[in-house]
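# Understanding the architecture of this molecule
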Amino acid sequence: SQTIHQWPATLVQPVGSPLSLECTVEGTSNPNLYWYRQAAGRGLQLLFYSVGIGQISSEVPQNLSASRPQDRQFILSSKKLLLSDSGFYLCAWGDSTDTQYFGPGTRLTVL
Amino acid sequence: AQSVTQPDIHITVSEGASLELRCNYSYGATPYLFWYVQSPGQGLQLLLKYFSGDTLVQGIKGFEAEFKRSQSSFNLRKPSVHWSDAAEYFCAVEDSGNTGKLIFGQGTTLQVKP
């Protein structure tokens, strides 16, 4: 069966520091991968998606970036965090029917 | 463009009462439709999905949803709510482009009274 992992589970970072969040999927190959953010009290915002290694599409302009160095690895990064980057970050993988399966999330607090 | 509307931001029901969460979508053809549930601090869990065929879809945890093309709706129902159903519920529709993206509603927070 397929599983999706995210780490770290929680992170507290100062403004201006770098960021790296990792997502890995097991039990499937060539999945679509997605990064979402949930700000407090708000819905899901799609940040990036990837349909293959090295293929990244950005949905919103921001100081975040994503990379997919391996088929089942998806990384969300920033060179300098802003206060507004705080939120709950969710990674998801999608199957051939467009069904998405979500990871447990990373709670990021920028101080 | 596709869109999803969940008209109710918060709903409170008593334990044991029936539940219906509303979802309306905008989509040109027959859409793929989904309901997800999110407990506080956790990821989203798929409750059920509709692709085609029988318009009444059964999901996990005793939930069902009915696709009504004439009303552009995909409402989620449960005949008897349990306290553990308190969570946030998201309806989603596939994006029309061949990207696998989903368009999510803003979510409905369900509170269950004892």
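Residues numbered from 1 in each chain as written. Chains lettered and ligands numbered in written order. Predicted model: local features only at pLDDT ≥ 70, side-chain atom pairs only at ≥ 80, totals over all residues. Heavy atoms only, no water.

## Examining the pairing of strand β3 (residues 19-26) of chain A
Looking along a regular strand, one sees the side chains alternate between the two faces of the sheet. All names here are of chain A. Relative to β3, strand β1 (residues 3-7) runs antiparallel, the two being bridged by five bridges. Across the sheet, residue Thr3 finds its bridge partner in β3, namely Glu26. Sheet analysis places β3 next to strand β8 (residues 73-78), joined by six bridges and oriented antiparallel. Considered in β8, the bridge of Cys23 is made with Phe74. (Pairing = 2+ DSSP bridges. Helix = DSSP H or I, 4+ residues; strand = E, 2+ residues; numbered from the N terminus.)

## So, the state of the cysteines
Considering all chains together, one arrives at two disulfides over all chains under this definition. Shown here is the disulfide that connects Cys23 of chain A with Cys91 of chain A, its sulfur atoms set 2.0 Å apart. Since a negative S-S torsion denotes a left-handed disulfide, the Cys23 of chain A-Cys91 of chain A link at about -75° is left-handed. With Cys23 of chain A in strand β3 and Cys91 of chain A in strand β9 (residues 87-94), this pair connects stretches of sequence that are 68 residues apart. This pair shows no difference in class: Cys23 of chain A is buried, exactly as Cys91 of chain A is. Covalently, Cys23 of chain B is tied to Cys91 of chain B through a disulfide, its sulfur atoms 1.9 Å apart. (Disulfide = S-S within 2.5 Å. Buried < 20%, exposed > 50% of the residue type's maximum accessible area, 1.4 Å probe, protein only.)

## So, the sheet that holds strand β7 (residues 64-70) of chain A
Residue and element names in this part refer to chain A. Read across the sheet, four strands follow the order β1-β3-β8-β7 without closing on themselves; strand pairing throughout is antiparallel. Where the open sheet ends on each side, the last strands, each with one partner, are β1 and β7. Going across the sheet, the axis of each strand differs from the next one's by a mean of 20°, ignoring polarity. Pairing of β7 with β8 involves five bridges; the strand directions are antiparallel. Looking across to β8, one finds that Gln70 is bridged to Gln73. (Axes fitted to C-alpha atoms, helices over the stretch in contact; angles between N-to-C directions.)

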